[in-house]
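Chain by chain, the residues run as shown.
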2 protein chains.
Amino acid sequence: MGNNKLVGLKNQDMVKIEEKQGSYQQEAIFDLKAYLNQRKNLMEEALDHCLPVGKPEKIYEAMRYSLLAGGKRLRPILCLATCELAQGTVEMAMPTACALEMIHTMSLIHDDLPAMDNDDYRRGKLTNHKVYGDDIAILAGDGLLAYAFEYIARETKNVPPERILEVISQVSYASGAAALVGGQVMDLESEGKTDIDAQTLTYIHTHKTGALLEACVLSGAILAGASSEDRIKLSKYAQNIGLAFQIVDDILDITATQEELGKSVGKDLQAQKVTYPSIWGLEESKVQATKLIDEAISQLSHYGEKAEPLRAIAKFILNRKH
Amino acid sequence: MGNNKLVGLKNQDMVKIEEKQGSYQQEAIFDLKAYLNQRKNLMEEALDHCLPVGKPEKIYEAMRYSLLAGGKRLRPILCLATCELAQGTVEMAMPTACALEMIHTMSLIHDDLPAMDNDDYRRGKLTNHKVYGDDIAILAGDGLLAYAFEYIARETKNVPPERILEVISQVSYASGAAALVGGQVMDLESEGKTDIDAQTLTYIHTHKTGALLEACVLSGAILAGASSEDRIKLSKYAQNIGLAFQIVDDILDITATQEELGKSVGKDLQAQKVTYPSIWGLEESKVQATKLIDEAISQLSHYGEKAEPLRAIAKFILNRKH
């Protein structure tokens, strides 16, 4: 529709048509950057609000320090997006979205401890134990994990209790020894080994990061009352983007370093860490990541426009540069 | 009834009367030792069953090592007893009872870590991190905490979902920064200080141990569908026995050592740890503990015989010698 055809129309009609044009444009080119930015701001506000400082102050400060330390907030955003896709609302999913970020934060705090990966910095800030000490960092993680379930159980509104229970069941499963914790154990056990095969590497990633990502998507679907057919499709979407995310991470460790530092040796390579590119090579890794993202997007074919945020997030995971 | 009156009765009648006598005796003198023994065995079996070894084996072994390391199992026994008192069944409360022991175990594993209390032994066995390493011990605690909520949500049968959600809310609250974790933080902050007052000491105990004990009793009541009046009474019972338990612990640290080792200096005194006897003196501590137990038992006056296990447990807490 060219604007010249609108000459002579009344102002009010002009506005209506322009609105429609805007809407078409939004449909055609989903503005992921604006979407992610808006959702990130929404999450920052919700996270700040969900955990007020109580007594003893020190532990609440430690929990808030890491929970509010930024990041992409991809997990809670996926939870909200899937709930909306399945005809639910942001309000229904918000307590679970916050809880998922608490659990993710807990895993980072414990992972960074000297007894684990011994990292001093995370997202450019000192890690929790460097600020508060190992003891408080351990307890801050415990506090976040416990609070996650309290928050889902207590704060989820306008959702039948059976669904909330199912969400708690899925989220706790994804956080435990059969998933996240198990993945961390395998990761620790693989440290320094150079004979890790693709199967073990995939085990680590699907458990350490994939399971919680899947729980984000699945819990959004459960809260909205999605059918089991839809849940299966959305779970597959999540599994595929989760693994692609890791492969792209491995690729970026090589290529981003090449571009930025002008040398071909990345952190993983220096640490002699087994990665997808070290097993498959760089080209095959790119092929596999693309395949996974295609597969993820194909799971969304029935949902039309409503699935645009999930499609855009999948493409973003593949094409991101950092 | 003297046995001489039974001469001449048929064997079958003899048996019936003896059974009745046994029942009267049980009513009059509740056999707490047999009760606790039977319930402990029931719990050992349930705990062994609730956490089968999965993959990666190491983390499941570490979780099972501490979960199945014995102890009085007082927490889950309280949960079952309260559920029965409030007309519920053992089956309704068993998943929650197991979960409460998982959370208690988690707190012990993390408490024993070098970054916290740095204990090598617990109940005569090497602590978790001494066997599996600090990293696995941290993750075993995380795994137990996450699994506790999964187990309640997934395994509780024949209870309306609203009640299960309320139990999860109460149990997670009792495990978090506002209760158990917060108590541990205050305990850590009080270490080495000799000017701790009774108020701070009570804060530590009511949070570090009291809140989870209260959650045990309260969750049993909630699962059975107890009225809010009953819940208040039972919560007060739990708060009182919880604090009495700690006071008696402090007393035993002095008196049990006196008897056993023939010296008047206990562990707490050696460590210059502030305790109730160090603030109130030994006699006043005994008076306070007795008062708390009396108060706990007075909360049970409406329940008649059904509350006999809870009454006997309260008395046991006061009169125990170890």
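What counts as what
- Residues numbered from 1 in each chain as written.
- Chains lettered and ligands numbered in written order.
- Predicted model: local features only at pLDDT ≥ 70, side-chain atom pairs only at ≥ 80, totals over all residues.
- Heavy atoms only, no water.
- Helix = DSSP H or I, 4+ residues; strand = E, 2+ residues; numbered from the N terminus.
- Contact = heavy atoms within 4.5 Å.
- Buried area = accessible area lost by both parts, 1.4 Å probe.
- Salt bridge = Lys/Arg side-chain N within 4 Å of Asp/Glu carboxyl O.
- Polar contact = N/O pair within 3.5 Å; in protein donor to acceptor, adjacent residues only side chain to side chain.
- Nonpolar A, V, L, I, M, F, W, Y, C, P; charged D, E, K, R; others polar.
- Least-squares fit on C-alpha atoms with pLDDT ≥ 70 in both.
- Phe/Tyr/Trp six-rings, centres within 6.5 Å; stacked < 30°, edge-to-face > 60°.
- Buried < 20%, exposed > 50% of the residue type's maximum accessible area, 1.4 Å probe, protein only.
- Lys NZ or Arg CZ within 6 Å of the ring centre and 35° of its normal.
- Axes fitted to C-alpha atoms, helices over the stretch in contact; angles between N-to-C directions.
- Parallel < 35°, antiparallel > 145°, perpendicular 65-115°, else oblique.
- Left-handed = near helix turned anticlockwise from the far one by under 90°.

**Side note on the environment of Thr82 of chain B**
- Note on placement: Thr82 of chain B falls in helix α4 (residues 74-85).
- A C-alpha to C-alpha distance of 32 Å links Thr82 of chain B and Glu283 of chain B, two positions 201 residues apart in sequence.

**Description of the interface of chain B and chain A**
- The partner chain A presents 44 residues to the 44 residues of chain B that form the contact.
- Buried area between chain B and chain A, both sides added, is near 3,700 Å², and the carbon and sulfur share of it is 76%.
- When the area that chain B buries against chain A is broken down by residue, the three leading residues are Pro56, Leu139 and Leu165 of chain B, summing to 15%.
- Counting across the chain B and chain A interface gives 2 salt bridges.
- For Glu189 of chain A, the salt bridge is made with Lys58 of chain B, and the minimal N-O distance between the two is 3.9 Å.
- Our count for the chain B to chain A interface comes out at 8 residue pairs in polar contact (both at pLDDT 80 or more).
- Secondary-structure elements contributing two or more residues to the side of chain B that touches chain A are α3 (57-67), α5 (90-112), α7 (134-155), α8 (161-175) and α9 (180-190) of chain B.
- Among the elements that take part in the side of chain B that touches chain A, α7 of chain B stands out by supplying 13 residues, more than any other.
- A breakdown of the residues in the side of chain B that touches chain A according to their chemical character gives 27 nonpolar, 8 polar and 9 charged.

**So, the relation of the copies chain B and chain A**
- Overlaying chain B on chain A yields an RMSD of 0.0 Å, the required transformation being a rotation through 180 degrees with an accompanying axial translation of 0.0 Å. Taken together, these values place the two copies in the relation of a two-fold axis. Across chain B, the rotation axis passes nearest the C-alpha of Pro161 of chain B, at a separation of 2.9 Å.
- Both copies share a contact surface, since 100% of the interface residues of chain B are interface residues in chain A too.

**Some remarks on the packing of aromatic side chains**
- Counted according to the given criterion, the structure contains 9 aromatic pairs over all chains.
- Ring geometry for Tyr65 of chain A and Tyr132 of chain A: centres 5.6 Å apart, planes at 75 degrees, overall edge-to-face. In this pair, Tyr65 of chain A is assigned in helix α3 (residues 57-67) and Tyr132 of chain A in helix α6 (residues 128-132), connecting sequence segments 67 residues apart. For the pair formed by Tyr65 of chain A and Tyr132 of chain A, the shared burial category is buried.
- The lysine or arginine in question, Lys55 of chain B, covers the ring of Tyr203 of chain A, its NZ or CZ lying 4.4 Å from the ring centre.
- Looking at Lys125 of chain B, its charged tip hangs above the ring of Tyr65 of chain B, at a distance of 4.2 Å from the centre.

**Comments concerning the packing of α4 of chain B against α5 of chain B**
Residue and element names in this part refer to chain B.
- Interaxial distance between α4 and α5 falls to 8 Å at its minimum, and their mutual angle equals 155 degrees. Comparing their axes, α5 and α4 come out roughly antiparallel. Where α4 crosses over α5, the two elements pack in a sense that is right-handed. Where α4 approaches α5, its residues Arg75, Pro76, Cys79, Leu80, Cys83 and Glu84 are matched on the opposing element by Val90, Met92, Ala93, Met94, Thr96, Ala97, Leu100, Glu101 and His104.
- Classifying every residue of the contact of α4 with α5 gives 10 nonpolar, 2 polar and 3 charged.

**Details of the pattern of salt bridges**
- Scanning the model with the defined rule gives 32 salt bridges over all chains in all.
- In this structure, Arg154 of chain B engages Glu155 of chain B in a salt bridge whose closest nitrogen and oxygen atoms are separated by 3.1 Å.
- Residue classification places Arg154 of chain B among the partly exposed residues on the basis of a relative accessible area of 35%.
- The closest approach of N and O atoms between Glu308 of chain B and Arg311 of chain B, which form a salt bridge, is 2.9 Å. Residue Glu308 of chain B and its partner Arg311 of chain B are located together in helix α15 (residues 308-319), separated by 3 residues, close to a single helical turn.
- Connected through shared salt-bridge partners, Lys40, Glu44, Arg73 and Glu101 of chain A make up one network.

**Let's talk about unusual backbone geometry**
Residue and element names in this part refer to chain A.
- At the junction of Lys55 and Pro56, the peptide bond is cis and its omega measures out at -5 degrees in the coordinates.
- Tracing the chain through its elements places Pro56 in the loop between α2 (32-50) and α3.
- Even without being glycine, Gln87 reaches a positive phi, approximately 75 degrees.
- Inspection of the secondary structure puts Gln87 in the loop between α4 (74-85) and α5 (90-112).
- Its relative accessible area of 62% is what places Gln87 among the exposed residues.

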